[in-house]
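Topology and contacts: notes
So you can see what is in the structure, the chains are spelled out below.
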Amino acid sequence: MQYKTIDFSKYSSFKIGPTIDVAILTSQTQNINNYYLIGACNNTLIGNNPPPLLMLSKEYDYIKIENSQLKIGGATPSGKIASFCKKNNIANFEFLSHLPGKLGGLVAMNAGLKEFEIFNFLIDITTFNTKYAKEDIKYGYRYTNIQEPILEVSFELSYGFNASRVEMFKKMRSNQPSTPSAGSCFKNPPNEFAGRLIEDVGLKGYIHGDMSFSNKHANFLVNHGNGTFQEAIFLINAAKERVKERFNIALECEIVILENDYLQKCKG
């Protein structure tokens, strides 16, 4: 297995985490048991004692048009996809210009903006072990049942890049903070908004150490410079407890939390 040393206090969008060796998945890799796959870490909180981590090699960073389909490698950044589609007048991927991450992670969580989701024009997914047609995958709002590394995704190919949509997505993102964060901290419960619930229990702008729920958007957990994993977890737990107590709603994290003690508690 090949490894790459990564400083997560610089690599992750949260700017939190240790410097550790991360295994690299290549076409020669045979065993990935016990590894947790990461991508660009735009929605990931890394603890001081994370489980073994794995990321795709650059051989899975590609875009090609083949058999009237758009085929994209799992390690391809969203910005690269958006630029390719603009250059080649390809439709339906405009929202990726304002949705950071790598394709594998975006597909695994069915990422999107409002009704524009990555699964809308998806055909099939090639994973480490097999290939899945769209109809064989369970997916919904910020959810899929894919548990394996996504190596390649095939999409329907349509032409007609829509620049006005890019502007629309830009405006949709205008209320989001620029301070280091991992995007939306919690999924929106059915017929509700996590940000409103967090604000209503008094946590919008609430600071603990160097972390807070943003004054600009309550569902964004932000790092003001030297925030720690422990401070982030304190705020996540506070939001869950207060919202459950007041509204009897169980908030579910949209961010991925990778830390051994935390994962053991979740399993327990």
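Residues numbered from 1 in each chain as written. Predicted model: local features only at pLDDT ≥ 70, side-chain atom pairs only at ≥ 80, totals over all residues. Heavy atoms only, no water.

**With respect to the overall build of the protein**
- When its secondary structure is counted, the protein shows seven helices and 19 strands.
- Radius of gyration (C-alpha) of the protein: 19 Å, near the 18 Å computed for a compact globule of 268 residues.
- Taken over 268 residues, the protein has a buried fraction of 50%.
- Taking contacts inside the protein between residues at least 6 apart in sequence as the whole, the part at least 24 apart equals 61%.
- With an accessible surface of roughly 13,300 Å², the protein has 47% of that area assigned to carbon and sulfur atoms. (Helix = DSSP H or I, 4+ residues; strand = E, 2+ residues; numbered from the N terminus. Rg over C-alpha atoms; globule rule 2.2 N^0.38 Å. Buried < 20%, exposed > 50% of the residue type's maximum accessible area, 1.4 Å probe, protein only. Contact = heavy atoms within 4.5 Å. Areas by Shrake-Rupley, 256 points an atom, 1.4 Å probe, with all protein chains shown as cover.)

**Topic: the side chain of glutamate 192**
- Relative to the assigned elements, glutamate 192 resides in the loop between strand 15 (181-184) and helix 5 (194-200).
- A polar atom in the side chain of glutamate 192 sits 2.3 Å from the side chain of arginine 196.
- Filtering out sequence-adjacent residues up to four positions away, glutamate 192 remains in contact with Leu197 and Ile249. (Polar contact = N/O pair within 3.5 Å; in protein donor to acceptor, adjacent residues only side chain to side chain.)

**Quick notes on the sheet that holds strand 5 (residues 53-56)**
- Strand order across the open sheet formed by four strands is 1-2-5-3, with mixed pairing between neighbours. Taken across any chain shown, the strands that pair with only one partner, and hence form the sheet edges, are strand 1 (2-7) and strand 3 (36-37).
- Pairing of strand 3 with strand 5, which is carried by two bridges, proceeds in the parallel orientation. Bridge pairing in strand 5 links tyrosine 36 to leucine 53. (Pairing = 2+ DSSP bridges.)

**Looking at the pattern of salt bridges**
- In the structure shown here, the tally under the stated rule is eight salt bridges.
- We note a salt bridge from glutamate 66 to lysine 64, for which the minimum N-O separation is 3.8 Å.
- With a relative accessible area of 32%, glutamate 66 lands in the partly exposed category.
- A relative accessible area of 32% places lysine 64 in the partly exposed class.
- A salt bridge links arginine 142 to glutamate 117; the nearest nitrogen and oxygen atoms lie 3.5 Å apart. Placement of arginine 142 in the loop between strand 12 (139-140) and strand 13 (143-144) and of glutamate 117 in strand 9 (residues 116-117) is noted, with a sequence separation of 25 residues between them.
- Its relative accessible area of 10% is what places arginine 142 among the buried residues.
- One continuous salt-bridge network, built from bridges that share partners, spans Glu192, Arg196 and Asp200. (Salt bridge = Lys/Arg side-chain N within 4 Å of Asp/Glu carboxyl O.)

**Quick word on the sheet that holds strand 15**
- Strands sit in the order 15-18-17-16 across an open sheet of four strands; the sheet is antiparallel. At either end of the open sheet lies a strand with only one pairing partner, and these are strand 15 and strand 16 (207-208).
- Relative to strand 17 (residues 211-213), strand 16 is paired through two bridges, and the arrangement is antiparallel. From the neighbouring strand, isoleucine 207 faces strand 17, where its bridge partner is serine 212.
- Strand contacts of helix 6 (residues 229-247): strand 16, strand 17 and strand 18 (220-223), with the helix running at about 25 degrees to strand 17, the strand carrying the most contacts. (Axes fitted to C-alpha atoms, helices over the stretch in contact; angles between N-to-C directions.)

**A few points about the environment of asparagine 67**
- As for its placement among the helices and strands, asparagine 67 is situated in the loop between strand 6 (63-66) and strand 7 (69-73).
- Take asparagine 67: its relative accessible area is 67%, and that puts it in the exposed class.
- Distance from asparagine 67 to glutamate 245, taken between C-alpha atoms, is 54 Å for residues 178 residues apart in sequence.

**Observations concerning helix 2 (residues 78-87)**
- Among all positions in helix 2, only Ser78, Ile81, Ala82 and Cys85 are buried. One side of helix 2 carries all its buried residues, which in axial view fall inside an arc of 100 degrees.
- Taken together, the buried residues of helix 2 touch strand 6, strand 7 and helix 3 (103-108). (Arc of directions from axis to C-beta.)

**Quick word on unusual backbone geometry**
- Positive phi values are uncommon outside glycine, yet asparagine 34 reaches one of about 75 degrees.
- The topology assignment puts asparagine 34 in the loop between strand 2 (19-25) and strand 3.
- Although it is not a glycine, arginine 142 sits at a positive phi angle of roughly 50 degrees.

**Considering the pairing of strand 5**
- Of the two faces of strand 5, both are covered, the one formed by Leu53 and Met55 as well as the one formed by Leu54 and Leu56.
- Here three bridges tie strand 2 to strand 5, and the two strands are oriented parallel to one another. For alanine 23, the partnering residue across the bridge sits in strand 5 and is leucine 54.

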